Amino acid sequence: MSGVKRYLIMFKFFLWLLAAAASLPTLAQAEDCPAPKTMVFHVESQIERDTLGFTQGLEVHGDVLFESTGPIDGETRLNTIDRKGHVTPLAKFGNTFFGEGLTILGNEMFQLSWKDHKVFVYDLTGKRVREMPTKYDGWGLTNDGTNLIFTDGGDRLYFADPQTLKIRRSAPVRLGGKPVPNLNELEWVDGKIYANVFTTPAIVRVVPETGCIDATADLSKVLWPRMSLNERERLLSSDNYVLNGIAYDKRDGTFFLTGKRWRWIFVGKFTPAD
Ligand SMILES: [Ca+2]
């Protein structure tokens, strides 16, 4: 990556952070969120995929990753990815709908669609067992063991009944006092929600009860240097190749981070910056 581009992408992150900092809480604004902490991601290993995918949903289940892809430079699919990077399609849907977030709750796998206003439900082999209509666009999806938790491109997290999609509650996502829209791929981790912020190199951590972002991380500092020049040029060239994909293995606290059409899945852990 050229020095100029590297600074541009870091500048983009800091602009986003500064815009939010302008509305950090004061005593007179007790309803605003506390200032967020900074997290750092430490890469422990990298998985090289044998088949690329337009990653829209990523989750650990057992010893594999489950992935939902969208139909850009490829097709909407459900995949599994093993720890050696071998991608196995479970179901292929072409461009019949635009695959988005994915999560597994009980023995069911849920997949959002972008603007088709349907949520599809599968067994873990990828066989569709039911579908549910929704009035919302579909972006990111995770679950807390009871609720489906999704975003629609706006600044709210929605908590929904997994059987009916009835919205049980929602939370306004904020950094300080500023609403934060565009939360994309999501991951429930120890009572908090990690999220990609679409088109940025930021991952934020959200308190589900309040919607407050309590920590942020700039992944460009850690991940970009581990990519080839061509890979970095491509991810900076279009919103179609941005950071998007967070999965968590609670057995050992390991995160798996990737992006749309990325060759690499980065494996590691977050720690506080100080
Ligand atoms: Ca996820």
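Residues numbered from 1 in each chain as written. Predicted model: local features only at pLDDT ≥ 70, side-chain atom pairs only at ≥ 80, totals over all residues.

1. With respect to the pairing of strand 16 (residues 183-189)
Across the seven residues that make up strand 16, a large majority, six, are buried. As defined by bridge partners, strand 16 adjoins strand 17 (residues 192-197) across five bridges and the pair is classed as antiparallel. Counted as the bridge partner of Leu186 is Ala195 from strand 17. The hairpin formed by strand 16 and strand 17 contains two residues between the paired strands, and Asp190 there has a positive phi angle of roughly 50 degrees. (Buried ≥ 20, exposed ≤ 12 C-beta atoms within 10 Å, placed from the backbone. Helix = DSSP H or I, 4+ residues; strand = E, 2+ residues; numbered from the N terminus. Pairing = 2+ DSSP bridges.)

2. With respect to the sheet that holds strand 8 (residues 118-122)
The strand order across the open sheet built from four strands is 6-7-8-9, with neighbouring strands paired in antiparallel fashion. At either end of the open sheet lies a strand with only one pairing partner, and these are strand 6 (99-105) and strand 9 (128-133). Each neighbouring strand pair of the sheet contributes to a mean axis angle of 20 degrees, computed without reference to strand direction. One ladder, built from five bridges, connects strand 6 with strand 7 (residues 108-113); its direction is antiparallel. Across the sheet, residue Gly99 finds its bridge partner in strand 7, namely Ser113. (Axes fitted to C-alpha atoms, helices over the stretch in contact; angles between N-to-C directions.)

3. Quick word on the nonpolar core
Of all hydrophobic cores here, the largest spans 50 residues; its most connected members are Ile149, Ile193, Ala195, Ile203 and Ile213. Ignoring any residue separated from it by four or fewer positions in sequence, one finds Ile203 in contact with Tyr194, Ala195, Asn196, Ala217, Leu219 and Ile246. (Core = buried A, V, L, I, M, F, W, Y, C linked by C-beta atoms within 7 Å. Contact = placed C-beta atoms within 7 Å.)

4. Thoughts on the environment of Leu157
Locating Leu157 in the fold gives a position in strand 12 (residues 156-160). Sequence separation of Leu157 and Pro208 is 51 residues, and the distance between their C-alpha atoms is 7.9 Å.

5. Topic: the sheet that holds strand 13 (residues 167-172)
Strand order in the open sheet formed by four strands is 10-11-12-13, with antiparallel pairing between adjacent strands. The outermost strands of the open sheet, each flanked by one partner alone, are strand 10 (141-143) and strand 13. The mean angle between the axes of side-by-side strands here comes to 25 degrees, regardless of whether they run parallel or antiparallel. Bridging between strand 11 (residues 148-150) and strand 12 involves three bridges; their strand directions are antiparallel. Across the sheet, the residue bridging to Ile149 is Phe159, located in strand 12.

6. Re the confidence of the model for the protein chain
Mean pLDDT over the protein chain stands at 92; residues scoring 70 or higher make up 89%. Low confidence marks residues 23-30, where pLDDT is under 50. Its contacts with residues over four positions away, or in another chain, come to 11 contacts. (pLDDT = per-residue confidence, 0-100.)

7. Topic: the pairing of strand 22 (residues 264-272)
Note: strand 1 (residues 37-48) against strand 22, nine bridges, orientation antiparallel. Residue Val40 lies in a different strand from strand 22, and its bridge partner there is Thr271. Pairing between strand 21 (residues 254-259) and strand 22: three bridges, direction antiparallel. Looking at the pairing, Phe255 lines up with Gly268 of strand 22.

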